[in-house]
Amino acid sequence: MLEKRILWNFKYDVDKQTYLYRLYHENSKHSPLTQSVKAPRSNYMELIENEAREERKYDKKGEVVYIVPYVSELEQFDIRLTDALLKRRTSWNFKKQAISTRELIAFLGYSFGISDREYNLKTYPSGGRFYPVDIYLVPTKKMIRNSEILKEERAYRYNQNSRELLALHRVNLEELNSLTSSTDIGDMSFDDALFLVFLVGNTRYIEKKYNSLTYRLIYKELGHIGQNIMLVATMLGMSTVPLGGFFEDRINKFLRLDKTYQSNMYTFIVG
C-alpha cells in the first residue's frame, strides 16, 4: 500500500490570517527616532573590524583552495553591459558543459569581489559597509567532473574580505534536489546545472547598528548581489535561475549555518 503524502493544504484560509509582512513593514520603517535613539552616532568601524576578526576565526574551519584576484586584476571580457542586460534570462536550459578556472574566478571576482583596495569596497553596495551577506557555493556532480577547484562534494564559502575561496564540510549531493520546491515537489532538477550559490544573511554585527532596519538592508543587498550574479553569468555564457521557493531550514542544515545569526535568504542556480 502506497504511503499517502500531503504536499499542500488547500483548506488554509488566507483571508483569516494576519499579514505579518505588513506588520513588519510598519514597525521597521526608518525614522528620526530610529536614527537618533536606536542607532546613535558611534564608532561602527570597530564593529566592522570585529566582524572581520570573527570571519577569520570561522574560516579556520575551512581549507583555502584559491585566492581570487582584485577586480582590477581580473581578465577583461569582450561584452558590453547593454549586451548582458539584453541577453539575461531566467532559464533552466543549462547548456554549458563546464567552465574553466579562469571563468569561475571571473564569476567570483566580478560578482562579489573587491573593486577598491583602499576602502575594501565590493562590486555591490552595502548598508554601513557591513556586507552582511555570506557567499556559499555547492557544485553539482557535473561541475565536479570537470573542475580543478570545485572538485569535491563539499560546501564552499567565498570570503569577500580575504578573497579566499574555502572548502568546508563534505555534503551529500543526492540531497540537493530536496532543497527547493521546484526540484523536490516539482519536476525540475539541478543535474544539468554547474553549481548553486546560496546567499546567506548574517545579522551578527549589522543589527547592532541598524536594529529592526537590519532585515530591510540585507534584502536590498541580496538584490544588488543577485543582479551581479545574473549579469556576470550572462557575460560568461551561462544561464541562471534565481530561486525564492527554497526550503530554508533544509538549506541551513545542509550548509551547517549558525542558527543564531545565519540563514539562507536567496538561492541561484548557475550553469
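Per chain, residues are indexed from 1 in the order of the written sequence. Side-chain atom pairs in this predicted model are given and counted only at pLDDT of 80 or more, local residue features only at pLDDT of at least 70, and totals for whole chains, interfaces and linings cover all residues. Based on all heavy atoms of the structure, the side-chain values leave hydrogens and waters out of the count.

- The name given to the chain in an unreviewed UniProt entry is SagB/ThcOx family dehydrogenase, and the organism recorded there is Caloranaerobacter azorensis.

### A word on the overall build of the chain
Part 1: A helix here means a DSSP run of H or I that spans at least four residues, while a strand means a run of E at least two residues long, and both kinds are numbered starting from the N terminus. Across its full length, the chain holds ten helices and nine strands.
Part 2: Here the chain holds 271 residues, and the buried ones make up 45% of them.
Part 3: Working rule for contacts: check all heavy atoms of both residues, and any pair within 4.5 Å makes them a contact. Nonlocal contacts in the chain, meaning residues at least 24 apart in sequence, comprise 76% of its contacts between residues at least 6 apart.
Part 4: Calculation of accessible area relied on Shrake-Rupley with a 1.4 Å probe; when residues are assessed, cover is drawn exclusively from the protein chains displayed. In the structure as shown, the chain presents an accessible area of about 15500 Å², 50% of it carried by carbon and sulfur atoms. The cut-offs for exposure are 20% and 50% of the maximum accessible area for each residue type, with area from a 1.4 Å probe on protein chains only; residues under the lower value are buried, those over the upper are exposed, and the others partly exposed.

### Looking at the packing of helix α5 (residues 101–112) against helix α9 (residues 214–235)
Axes are the key here: two packed helices are described by the angle between their axes and the distance separating the axes.
Part 1: A fitted line through C-alpha atoms serves as each axis, taken over the contacting stretch for helices, and the angle formed by two N-to-C directions is quoted from 0 to 180°. Packing of α5 against α9 brings their axes to within 9 Å, and their N-to-C directions diverge by 145 degrees. The two elements α5 and α9 cross, and the hand of that crossing is right-handed. In this structure, α5 contributes Ala106, Phe107, Tyr110, Ser111 and Phe112 to the contact, and α9 contributes Ile225, Asn228, Ile229, Val232, Ala233 and Met235.
Part 2: Of the residues in the contact of α5 with α9, the class split is nine nonpolar, two polar and no charged. Crossing chirality is assigned from the near helix's rotation relative to the far helix, an anticlockwise turn below a right angle marking it left-handed and a clockwise turn marking it right-handed. Amino acid classes used here: Ala, Val, Leu, Ile, Met, Phe, Trp, Tyr, Cys and Pro are nonpolar; Asp, Glu, Lys and Arg are charged; the rest, including Gly, are polar.

### Thoughts on the sheet that holds strand β9 (residues 262–270)
Part 1: With antiparallel pairing, seven strands are arranged side by side in an open sheet as β1-β6-β5-β4-β7-β9-β8. If you trace the sheet from one side to the other, it starts and ends with β1 (63–67) and β8 (240–243), each paired once. Shown here is a sheet whose adjacent strand axes are inclined to one another by a mean of 30 degrees, direction ignored.
Part 2: Strands pair, by our definition, only if DSSP identifies at least two bridges between them. As paired elements, β1 and strand β6 (residues 164–170) share four bridges and run antiparallel to each other. If you follow Val64 over to β6, its bridge partner there is Leu166.
Part 3: Each of β1, β4 (133–139), β5 (154–159), β6, β7 (195–202) and β9 touches α5; the most contacted strand, β7, lies at about 25 degrees to it.
Part 4: Each of β4, β5, β6, β7 and β9 touches helix α10 (residues 248–255); the most contacted strand, β9, lies at about 90 degrees to it.

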